[in-house]
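# Reading the structure
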Amino acid sequence: MSTPETQTPEAADKAPAWAGAEPSNHADDPRAQAFAAEYPIRPLPATGTVDTTPIATTPAAVGELDVIWQAVVRETRSRGNDIHLPISLAFAERLCRAYPEADAQLVRVAILLHDTGWAHVDESRILSEGFTGDWRKAAIRFEHEAEGCNVARRVLPGLGYEAEFVERVCEIIDGHDTRHVAYSLEDALVRDADRLWRFDHAGIALASTWFGMTPDVYTHRLGVEIIPELITEAALAMGTADLERSRALLKTGVIR
Ligand SMILES: [Fe+2]
Ligand SMILES: [Fe+2]
């Protein structure tokens, strides 16, 4: 069966389904300005080891965050979170090795929890509003961010996390999809990890169906729309390597 007309890469370029990032949004926030002043070079150069091997070769660390996982099992059952969150955590830990100056614990906890809010919004609206049209501005997107902060504030204090740490986690979760600029290095690493999982073949298998795209169109979009959004040099190297591997694996040059 041939690819539907609306799904050809050419048609996709003419009518992007993913609203482009708008860097001017929140760009005048003092936190955004402070981060941009401290880290002016883009992509942000890595100071540690950059690993571009398949993410399955370096799963997230065993044990330490298990109590958080156990507290949010219910939340992982929404919108593919039980696939998205562990893979994104593995990418986040890898990014922390590339940027050892970052607060790795903050990055790890924030990425683990960032999408748990999907479990607390109207499920019927997730695909109808959250993945179509100008999805970055959909109300459901803001709702899942706010609900994710509620999950963090409910779960983390009882596990021994200080109030100040919890609020730093929430600052990252709040706006992770709807805000287009990073407020800190940790925020930037979470944002990149949240995008990197899409380039792995498991992410392509899952997320392409959410957007109603064939794998060839979806991977084309990753290359032209998501690769340019990556903030760090390490994420750019990882995403580019994964995209090349996934396209070869899924034969997107032929099955189109
Ligand atoms: Fe999200
Ligand atoms: Fe996410």
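Structural notes, computed from the coordinates.

The complete set of buried residues in helix α9 (residues 163-173) reads Phe165, Val166, Val169, Cys170, Ile172 and Ile173. Here the buried residues of α9 occupy an arc of 160° about the axis, which is enough to place them on one side. The outward face of α9, more than 90 degrees from its buried face, is lined by the exposed residues Ala163 and Glu164. Among the structural elements, α6 (104-113), α8 (139-155) and α10 (185-196) are those in contact with the buried residues of α9.

For the iron ion (ligand 1), the full set of protein donor atoms is Asp115 (OD), His144 (NE2), His176 (NE2) and Asp177 (OD), at a range of 2.1 to 2.4 Å. Here the iron ion (ligand 1) binds four donor atoms, and the angle range of 85 to 167° at the metal identifies the geometry as irregular. Mapped onto the polypeptide sequence, the residues donating to the iron ion (ligand 1) form the spacing pattern D-x28-H-x31-H-D. Taken as an interatomic distance, the gap from the iron ion (ligand 1) to the iron ion (ligand 2) is 3.9 Å; Asp115 donates to each of them.

Another aspect to go through is the nonpolar core. Counting 63 residues, the largest nonpolar core has Val109, Leu113, Leu156 and Val169 as the members making the most contacts within it. Take this core: its biggest share by element is nine residues, from helix α5 (residues 81-98). Here Val169 is in contact with Leu106, Val109, Ala110, Ala152 and Leu156, once residues within four sequence places are set aside. The next biggest cluster of nonpolar side chains, apart from the first, holds five residues, and it includes Trp118, Val121, Ala138 and Ile140.

Another point: the packing of aromatic side chains. Taken as a whole and assessed by the stated rule, the structure comprises four aromatic pairs. Aromatic pair Phe35 and Tyr39: ring centres 5.3 Å apart, planes at 40°, arrangement tilted. Take Tyr39: its relative accessible area is 18%, and that puts it in the buried class. The side chain of Arg179 reaches across the aromatic face of Tyr183, ending 3.9 Å from its centre.

So, about the coordination of the iron ion (ligand 2). Around the iron ion (ligand 2), the protein supplies His84 (NE2), His114 (NE2), Asp115 (OD) and Asp194 (OD) as donor atoms, at distances of 2.1 to 2.2 Å. Here the iron ion (ligand 2) is ringed by four donor atoms whose angles at the metal span 86 to 173°, and the overall shape comes out irregular. The sequence pattern describing where the donors of the iron ion (ligand 2) fall on their chain is H-x29-H-D-x78-D. A relative accessible area of 0% places His114 in the buried class.

Here we take up the pattern of salt bridges. The final tally for this structure, using the stated rule, is 16 salt bridges. When the shortest N-O distance is used, the salt bridge between Arg31 and Glu171 registers 2.7 Å. Linking Arg31 in helix α2 (residues 30-38) with Glu171 in helix α9, this pair joins segments that are 140 residues apart in sequence. By relative accessible area, Glu171 is classed as partly exposed at 33%.

Here we come to unusual backbone geometry. Cis geometry marks the peptide bond from Arg42 to Pro43, where omega comes out at -10°. Secondary-structure assignment places Pro43 in the loop between α2 and α3 (66-71). For Arg79, which is not a glycine, the phi torsion comes out positive at approximately 45°. Along the chain, the position of Arg79 falls in the loop between α4 (73-76) and α5. Classification of Arg79 as buried rests on a relative accessible area of 13%. One non-glycine residue, Lys251, lies in the positive phi region at around 50°. The exposure class assigned to Lys251 is exposed, which follows from its relative accessible area of 52%.

Conventions used here
Residues numbered from 1 in each chain as written. Chains lettered and ligands numbered in written order. Predicted model: local features only at pLDDT ≥ 70, side-chain atom pairs only at ≥ 80, totals over all residues. Heavy atoms only, no water. Buried < 20%, exposed > 50% of the residue type's maximum accessible area, 1.4 Å probe, protein only. Helix = DSSP H or I, 4+ residues; strand = E, 2+ residues; numbered from the N terminus. Arc of directions from axis to C-beta. Contact = heavy atoms within 4.5 Å. Donors = N, O, S within 2.8 Å, 3.2 Å for Na, K, Ca; no water. Tetrahedral: all angles 85-135°; square planar, octahedral: opposite > 155°, others 65-115°. Core = buried A, V, L, I, M, F, W, Y, C linked by side-chain atoms within 4.5 Å. Phe/Tyr/Trp six-rings, centres within 6.5 Å; stacked < 30°, edge-to-face > 60°. Lys NZ or Arg CZ within 6 Å of the ring centre and 35° of its normal. Salt bridge = Lys/Arg side-chain N within 4 Å of Asp/Glu carboxyl O.

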